[in-house]
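Structure at a glance
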Amino acid sequence: MLLLATIAISATGLTGIAYAQETIEVNNQSSMKLLGAGLAFGLAAAGAGIGLGQVGAAGLAVISENPALQSKVFIFVGMVESIAIYGIVMMFIILGQ
């Protein structure tokens, strides 16, 4: 019942009035810059998140076995986080051109 109501409300929201507007020239180069910058940062952040999940889980297991290895685990976590920082740097390089 709730699904049917949601579909009905969505269908009525999709049927709107179309107004004529002026044509807008789109600069293809700037839109490709934005797309490239978004992909650079998004994929780097996603990769860093996946990697940090695995390194963090393994690091916690190592620390629970031997607390003396805590500093080495932090180094590995920092190496994974650097991937996201490289993505941010590449985003700014792409947007700066």
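Given the structure is predicted, the values throughout are model-derived calculations rather than measurements.

Reading the values: the criteria
- Residues numbered from 1 in each chain as written.
- Predicted model: local features only at pLDDT ≥ 70, side-chain atom pairs only at ≥ 80, totals over all residues.
- Heavy atoms only, no water.
- Helix = DSSP H or I, 4+ residues; strand = E, 2+ residues; numbered from the N terminus.
- Buried < 20%, exposed > 50% of the residue type's maximum accessible area, 1.4 Å probe, protein only.
- Contact = heavy atoms within 4.5 Å.
- UniProt positions renumbered as here; feature names shortened; annotations may be inferred.

**A look at the overall build of the protein chain**
Within the protein chain, the regular secondary structure consists of three helices and zero strands. When the helices and strands of the protein chain are read in sequence order from the N terminus, they spell out α-α-α. With 97 residues in all, the protein chain has 9% of them scored as buried. Looking at the protein chain alone, contacts between residues at least 24 apart form 78% of all its contacts between residues at least 6 apart.

**A look at the UniProt feature "transmembrane region" (unreviewed entry) in the protein chain**
According to UniProt, the "transmembrane region" (unreviewed entry) feature falls on residues 36-61 and 73-95. Helix makes up 100% of residues 36-61 and strand 0%, whereas the separation of the span's terminal C-alpha atoms amounts to 37 Å. Taken end to end, residues 73-95 comprises 100% helix and 0% strand; its first and last C-alpha atoms sit 34 Å apart.

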